[in-house]
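The residues making up each chain are set out below.
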Amino acid sequence: MDQQPHSSLPTVYHDGGGQGAGIMPSPRLEERARLFALLRYPDEEYGDDGGVELYGVQVPDGSVATITVSGRLHGSWSSCDRVAGLLGLHLVWLDVERSA
């Protein structure tokens, strides 16, 4: 199996080792799920243009699943703020109707 990562970030599991505890929304939850992106800022000193590092979905209970830009599962988290803070990324909501 090819083990090459598609992201500069390591896979992180916060659900007991990634043993099938991923988020599987029911049709009812899909209507209320919120989509977001996690961005890294440009760093001109190192020639990094910045950009999207991960995409994610937050379900109504606040839990989150993240995927890489290539579509591979990255991890599951307790909240958007937690994943953004731990990985040092900027959270951007993709649904414009998100309330503050």
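Since the structure is predicted, the reported quantities are computational estimates derived from the model, not experimental observations.

Quick notes on the nonpolar core
Inference 1: Listed in full, the 11 residues of the largest apolar core are F36, L38, L54, V64, W77, C80, V83, A84, L87, L89 and L91.
Inference 2: Put simply, the parts of the chain that give this core at least two residues each are β1 (34-40) and α2 (80-87).
Inference 3: Per-element accounting of this core gives the leading share, 4 residues, to α2.
Inference 4: With residues up to four places along the chain from it excluded, the contact list for F36 reads Y55, G56, V57, Q58, V64, T66, C80, L91, V92, W93 and L94.

Topic: the pattern of salt bridges
Inference 1: Following the criterion strictly, the structure yields 1 salt bridge and no others.
Inference 2: With a closest N to O distance of 2.8 Å, E53 and R40 form a salt bridge. Taken as a pair, E53 in strand β2 (residues 51-58) and R40 in strand β1 lie far apart in primary sequence, 13 residues in all.
Inference 3: A residue is classified by how much of its surface remains accessible, and E53, at 7% relative accessible area, is buried.

Some points on the environment of L35
Inference 1: Within the secondary structure, L35 sits in strand β1.
Inference 2: Sequence separation between L35 and Y55 is 20 residues; the distance between their C-alpha atoms is 7.6 Å.
Inference 3: Setting aside chain neighbours within four positions, we find L35 in contact with G56, V57, W93, L94 and D95.

What counts, and where the lines are drawn
- Residues numbered from 1 in each chain as written.
- Predicted model: local features only at pLDDT ≥ 70, side-chain atom pairs only at ≥ 80, totals over all residues.
- Heavy atoms only, no water.
- Core = buried A, V, L, I, M, F, W, Y, C linked by side-chain atoms within 4.5 Å.
- Buried < 20%, exposed > 50% of the residue type's maximum accessible area, 1.4 Å probe, protein only.
- Helix = DSSP H or I, 4+ residues; strand = E, 2+ residues; numbered from the N terminus.
- Contact = heavy atoms within 4.5 Å.
- Salt bridge = Lys/Arg side-chain N within 4 Å of Asp/Glu carboxyl O.

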